[in-house]
Protein chains: 2
Amino acid sequence: MNAKSVPVSTAALPSSRKVYESGILYPHIKVPMRAIQLHPSANEPDVWVYDSSGPYTDPRANIQIERGLTRIREPWILARQDVERQETQQQAINQSPLRAKSNAGVTQLAYARAGIITPEMEFVAIRENVGRAKLKAANGRDGNSWGANVPEYVTPEFVRAEIAAGRAIIPANINHPESEPMIIGRNFLVKINANIGNSAVSSSMAEEVDKMVWAIRWGADTVMDLSTGKNIHNIREWILRNSPVPIGTVPIYQALEKVDGVAEALTWEIFRDTLIEQAEQGVDYFTIHAGVRLAYIPLTANRVTGIVSRGGSIMAKWCLAHHRESFLYEHFEEICEICRAYDVSFSLGDGLRPGSIADANDAAQFAELRTLGELTRIAWRHDCQVMIEGPGHVPMHKIKENMDEQLKHCAEAPFYTLGPLTTDIAPGYDHITSAIGAAMIGWFGTAMLCYVTPKEHLGLPNRDDVKTGVITYKIAAHAADLAKGHPGARDRDDAISRARFDFRWEDQFNLSLDPDTACAFHDETMPREAHKLAHFCSMCGPKFCSMRISHEVQAAARESGMSEMALKFREQGEIYIRSELG
Amino acid sequence: MNAKSVPVSTAALPSSRKVYESGILYPHIKVPMRAIQLHPSANEPDVWVYDSSGPYTDPRANIQIERGLTRIREPWILARQDVERQETQQQAINQSPLRAKSNAGVTQLAYARAGIITPEMEFVAIRENVGRAKLKAANGRDGNSWGANVPEYVTPEFVRAEIAAGRAIIPANINHPESEPMIIGRNFLVKINANIGNSAVSSSMAEEVDKMVWAIRWGADTVMDLSTGKNIHNIREWILRNSPVPIGTVPIYQALEKVDGVAEALTWEIFRDTLIEQAEQGVDYFTIHAGVRLAYIPLTANRVTGIVSRGGSIMAKWCLAHHRESFLYEHFEEICEICRAYDVSFSLGDGLRPGSIADANDAAQFAELRTLGELTRIAWRHDCQVMIEGPGHVPMHKIKENMDEQLKHCAEAPFYTLGPLTTDIAPGYDHITSAIGAAMIGWFGTAMLCYVTPKEHLGLPNRDDVKTGVITYKIAAHAADLAKGHPGARDRDDAISRARFDFRWEDQFNLSLDPDTACAFHDETMPREAHKLAHFCSMCGPKFCSMRISHEVQAAARESGMSEMALKFREQGEIYIRSELG
């Protein structure tokens, strides 16, 4: 690949600048955030927001795709003196990969259990607190966390304790030092994942790197590379070297390529070598479908849509062909040893997730979930970080049960769901059918939401689809944060609402999840620059503007001391007494 | 207006034909539905779906915009012998409008209370049962209706009883005989409304008629004409004469035009004349903001976004300017008399709905809601049909309270909400922020969902925005129907899922809410016709297709009697015993 041909987006977002907050335990760490500057008439401080876009949105950064990003975590990793360089037989790796020395546990979970607060932990603590310190006085807590323990303020020790308890993970392979640490757990902000990846049918390496940068520009917290074509290894290399967010994969896809797509030809040895290859490259989390056991496959026989997980169906076919237990299940402890040596987190795959409303919450799905709980405990014994994948297609009234069962059987390991889609009838709009389910399950406690794009069920997402998917899932995740009552989550809503009420159109655009689209939509009907200062919009025109009238109402209220009247009404409950019709 | 210049869409939807089911009590009524024909290989009957698109999708219909639709309800109305032709001073009405004779109650509520099952009631009963009769045996009931009483089968008597109890309405002005009756109530299918209308800034009559036809093509159950410009009367005339769905308006907008936009110049007399003008034209429901009482206005003084309802802010300004009680509130009984004489349903407006997350569920909003409950009872005394408008902007954890309070204070009158939007930070995507809230509140019991388009807060929706808004809200309404457990609601999901599993691509498109978009998205990556029969898609390519592998799994399962094994596993609970790691 000619890296120079990769035209990634590097501009800052409108009216935004990159700011970095330093650590206290580790003063050299620099945690990136985005400060959105408002119009001087607002007389308000900058609004700081969570920023997963990496150096690409920092105009001071020197982006060279062919060289990769700065390896910010390398000194942190080497300082721990528990890793060593390896020889490797893999091609195209321009470094000797790191591996844990002898029997050292180099996972964040191992450190957390040992009482060590790593730089990664302080990094995510600062990151999670975005805006919280300066604003916690402004809004009281308001929400229903469904039993989650969302703290007023995230301390590094809180992060350590959550990781030690298995309730949160920091996916951070020691061979992916370019990554900015982030945390996934029920007691932290809800995160989103974007899937990219080519297939045998379409798309190129350059496109995939561009999609990764594009996805994080709009807010993806992690990216999964689901490539299935010929160039899996190289695409992944380019993505990893240029990704500031954790990268996940489904290693069985590459293993299957190695046996020319014949599932029954897979062997444990081929799979194991694939895991090591990817761990050495720096993959931060692996989807492993070790819960698809031979005994559960018959439970899918009468389903409307059978097994819809690619990995799940590959393993089911293998099990049936050999009529024996899954090699992923039988070799799970060896997989743990590999993950432990590089700190690859588990994303225990739900290979039997429902692919239709008809199949939601069925025996196959919940049988597998219990096995995932069992595997979680095994992984924890090996100091491995774990999250659990969830469905899929689920009608609204069955969503809560998914969360409850997951919490019950998987001991509060973070849940990571695909949607769920709340109906099957809208191909072309499945970002929306699934955003409904995603927002709800995020509120109930899911830690990370895997996006669904408009192309789901129809084709591979292109660049526009990736953006639509990411923005849609930022909405779902933020709606969940609001409903859970994350301190400070409402600050951005309040800032944009004040801007709306004050007719600060530019501030409204700049504070939104997608300033470009908001501005473009506004300009369709009111294109002139002067209209961005107009105290009305095209919806109602100048005469009918409720916001403008509201200002007059508030002015009148101030003159006549109506605020005091309101207080009086409320105190006396008089508004209800007076509401009887005379 | 040159009606010939209105290029409305008249083709049938793909692979669909219009079918009509006749009544039993009233054999002459013909209830339209859409039958979707599947590929012969499916060996399945046509899938019938609810169809609000009117004659426009019937190739046999003779559509002439300048003449208007067939007046199907006229004989039903005249047969009741309780109406008479009126003289009118309005221009551009090409008929003498009907009005109730002397003191006759000509509302569906009056008939229902008198024990009369009208043709309108039988019509909606048949309509609600779409697919229910032939399929109720297939799927058991599955859902949580939150206390709604959703029947197995809707009888005309059930409809009558629900209307008599005030729990449902059929908006059906005697001067809108072109309309096909539909019902709005918690125990029926969730409906959606699409807002159209020009403004002082943009759009023409032809555009608005086209938008109406376009909106119902994709599934809008009612349409509100929110025009605010110069041509309000004429635009409404064209829309009414060509609309097979009920039309709602906010009469205060036109009244304000009559006083040149000066809210304080409004008078009861001007408003009353406007109501009569619109009632004579055939408007089916009026939004009346009679709950915005003088005493509540101070409660909005400290809000982040004040009063965001246009009607609410107009009335607030009037009340403050005169420092007296709202003339809508004081003359409410006279308004009821007008509505009663034409059967215009009330949509009691939530003029104090929250316009931001910060203002949700506040004292102003709930004070008004209680007054709306009080007004509901007054309207019922006058035999008027009533629904209640609801918010707005509400975070997820405060949505249920809205439904609970509405049920409590408004005696189960149907709830009709705008969204609600679950966050403020995504202008350009508010169809999605609100679809989340709409699906949830629809599940909880809201009877009709007012759509929100991507342009909300930014500009007037164009044709594409109208379609996006309608499809998005069909998703929300259907997700709610599924979760409530409407019998038969899942049949379309199951049919599309079977098509998906069988690689019947054309069936998958044709069964979807938007066949054109689904097909176009598929063709982006697999354009050739032959690919529509392909047993794979561009997402995974031929080697990795989980659906294809699943077929192999199911074939193997059949061979080895795995279904029986599954049954055995389940009976013995053995899958859980065996899931201990050996």
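- Within an unreviewed UniProt entry, the label attached to chain A reads Phosphomethylpyrimidine synthase, and the organism entered is Steroidobacter flavus.
- Regarding chain A, the relevant UniProt record gives this comment under Catalytic activity (unreviewed entry): "5-amino-1-(5-phospho-beta-D-ribosyl)imidazole + S-adenosyl-L-methionine = 4-amino-2-methyl-5-(phosphooxymethyl)pyrimidine + CO + 5'-deoxyadenosine + formate + L-methionine + 3 H(+)".

1. Some thoughts on helix α10 (residues 310–322) of chain A
Residues and elements named next belong to chain A.
Here is step 1: Here α10 is 13 residues long and its end C-alpha atoms lie 19 Å apart, about the 18 Å a rise of 1.5 Å per residue gives.
Here is step 2: Burial analysis of α10 places 10 of its 13 residues in the buried class, the great majority of the element.
Here is step 3: Taken residue by residue, α10 has R310, G311, G312, S313, I314, M315, A316, W318, C319 and L320 as its buried positions.
Here is step 4: N-capping of α10 is provided by S309, with a side-chain oxygen placed 3.4 Å from the backbone N of G311.
Here is step 5: The first or second residue beyond α10 is H323, which carries a positive phi of 40°.

2. A look at the pairing of strand β13 (residues 386–390) of chain A
Residue and element names in this part refer to chain A.
Here is step 1: Counting buried residues along β13, 5 of its 5 residues qualify, which places the element largely inside the surrounding structure.
Here is step 2: Neither face of β13 is open: one carries V386, I388 and G390, the other M387 and E389, and all of them are buried.
Here is step 3: Pairing geometry for strand β12 (residues 345–348) and β13, over 3 bridges, is parallel. Of the residues in β13, the one forming a bridge with S347 is M387.
Here is step 4: In this region the chain leaves β12, passes through helix α13 (residues 363–381) and returns to the parallel neighbour β13; the handedness of that crossover is right-handed.
Here is step 5: Two elements, β13 and strand β14 (residues 415–418), share 3 bridges in a ladder whose sense is parallel. Looking across to β14, one finds that I388 is bridged to F415.

3. Some thoughts on the interface of chain A and chain B
Here is step 1: Contact residues are listed per partner, giving 136 residues for chain A and 134 residues for chain B.
Here is step 2: Taken over both partners, the interface formed by chain A and chain B buries close to 11600 Å², and the fraction arising from carbon and sulfur atoms is 68%.
Here is step 3: Counting the contacts that link chain A with chain B gives 4 salt bridges.
Here is step 4: A salt bridge links K398 of chain A to D142 of chain B, with the nearest nitrogen and oxygen atoms 2.8 Å apart.
Here is step 5: Here chain A and chain B share 21 residue pairs in polar contact (both at pLDDT 80 or more) between them.
Here is step 6: Ranked by the residues each element gives to the side of chain A that touches chain B, the list is headed by helix α16 (residues 463–484) of chain A, at 10 residues.

4. Brief notes about the sheet that holds β13 of chain A
Residue and element names in this part refer to chain A.
Here is step 1: Strand order around the closed barrel formed by 8 strands is β8-β9-β10-β11-β12-β13-β14-β15, with parallel pairing between neighbours. Neighbouring strand axes in the sheet, compared pairwise and without regard to direction, differ in orientation by 25° on average.
Here is step 2: Pairing geometry for strand β11 (residues 285–288) and β12, over 4 bridges, is parallel. Considered in β12, the bridge of I288 is made with L348.
Here is step 3: Packing of helix α6 (residues 205–217) onto the sheet brings it into contact with β8 (191–196) and β9 (222–225), and relative to β8 it is tilted by some 165°.
Here is step 4: Sheet strands touched by helix α9 (residues 268–281): β10 (247–249) and β11. Its angle to β11, the strand with the most contacts, is close to 160°.

5. Some words on the UniProt feature "domain: ThiC-associated" (unreviewed entry) in chain A
Here is step 1: Within this structure's numbering, the places UniProt gives as "domain: ThiC-associated" (unreviewed entry) are residues 13–84 of chain A.
Here is step 2: End C-alpha atoms of residues 13–84 of chain A are separated by 40 Å, and the span's content is 8% helix alongside 28% strand.

6. Here we look at the pattern of salt bridges
Residues and elements named next belong to chain B.
Here is step 1: Under the definition given, this model contains 78 salt bridges over all chains.
Here is step 2: Of the charged contacts, one joins R71 and E178 as a salt bridge, the two residues approaching to 3.4 Å between their closest N and O atoms. With a gap of 107 residues between them, R71 in the loop between β3 (47–50) and α1 (74–79) and E178 in the loop between β6 (168–169) and β7 (184–185) connect regions that are remote in the sequence.
Here is step 3: On the basis of relative accessibility, which here comes to 27%, the residue R71 falls in the partly exposed class.
Here is step 4: R85 is the salt-bridge partner of E74, the closest N and O atoms lying 3.5 Å from each other. Remark: R85 occurs in strand β4 (residues 83–85) and E74 occurs in helix α1; sequence separation between them is 11 residues.
Here is step 5: Note on R85: relative accessible area 41%, which makes it partly exposed.

7. Some points on the environment of Q37 of chain A
Residue and element names in this part refer to chain A.
Here is step 1: Within the secondary structure, Q37 sits in the loop between β2 (30–36) and β3 (47–50).
Here is step 2: Q37 sits in the partly exposed class, given a relative accessible area of 48%.
Here is step 3: Sequence-wise, Q37 and R17 are 20 residues apart; in three dimensions their C-alpha atoms are separated by 8.0 Å.
Here is step 4: In contact with Q37, other than residues within four places in its own chain, are S15, D46 and D507.

8. Concerning the sheet that holds β3 of chain A
Residues and elements named next belong to chain A.
Here is step 1: The 3 strands lie next to each other as β1-β2-β3, forming an open sheet whose pairing is antiparallel. Each end of this open sheet is capped by a strand with a single partner; those strands are β1 (16–22) and β3. Averaged over all adjacent pairs, the angle separating strand axes in this sheet is 40°, with direction ignored.

9. As for the packing of aromatic side chains
Residue and element names in this part refer to chain A.
Here is step 1: Going through the model one piece at a time under the given rule, you end up with 24 aromatic pairs over all chains.
Here is step 2: When the centroid spacing of 6.4 Å and the interplanar angle of 40° are considered together, the rings of W268 and F271 count as tilted. Residue W268 and its partner F271 are both found in helix α9; the two are separated by 3 residues, about one turn of the helix.
Here is step 3: Put simply, the rings of W268, F271, W318 and F327 touch in pairs and so form one group of aromatic residues.
Here is step 4: It is R217 that lies over the ring of W218; its NZ or CZ is 5.6 Å from the centre.
Here is step 5: It is K467 that lies over the ring of W218; its NZ or CZ is 4.0 Å from the centre.

Rules used in this analysis
Numbering of residues starts from 1 in every chain and runs along the sequence as written. For naming, the first written chain is A and the first written ligand is 1, with later ones following in the order written. Totals for whole chains, interfaces and linings use all residues, but because this is a predicted model, local features are given only for residues with pLDDT of at least 70 and pairs of side-chain atoms are given and counted only at 80 or more. To obtain the side-chain values, all non-hydrogen atoms of the structure were included, while hydrogens and water were left out. UniProt positions are given in the numbering used here, feature names are shortened, and annotations may be inferred rather than shown by experiment. Strands here are runs of E lasting at least two residues and helices are runs of H or I lasting at least four, both read from the DSSP assignment and numbered beginning at the N terminus. Take the residue count of a helix, subtract one, and multiply by 1.5 Å to get its expected span. Categorising residues by exposure relies on relative accessible area from a 1.4 Å probe, with only protein chains included: less than 20% of the type maximum marks a residue as buried, more than 50% marks it as exposed, and the intermediate range marks it as partly exposed. Any pair of nitrogen or oxygen atoms within 3.5 Å is treated as a polar contact; in protein, a donor-acceptor pairing is required on top of that, and neighbouring residues in sequence qualify only through side-chain atoms on both sides. Paired strands are those between which DSSP finds at least two bridges. A clockwise path from the first strand over the helix to the second, with the strands pointing away from the viewer, defines a right-handed crossover. Note on definitions: a residue-residue contact is assigned when non-hydrogen atoms from the two residues lie within 4.5 Å. Simply put, the buried area is the total loss of 1.4 Å probe accessible area from both parts when two parts are fitted together. The rule for a salt bridge is simple: a side-chain nitrogen of Lys or Arg has to be within 4 Å of a carboxyl oxygen of Asp or Glu. Axis definition: a line fitted to C-alpha atoms, over the contacting stretch in the case of helices. Angles run 0 to 180 degrees between N-to-C directions. Any pair of Phe, Tyr and Trp rings, taking the six-membered ring for Trp, is counted once the centres come within 6.5 Å. Such a pair is stacked with planes under 30 degrees apart, edge-to-face with planes over 60 apart, and tilted for the rest. Lysine NZ or arginine CZ positioned within 6 Å of the ring centre and within 35 degrees of the ring normal marks a charge as sitting over the ring.

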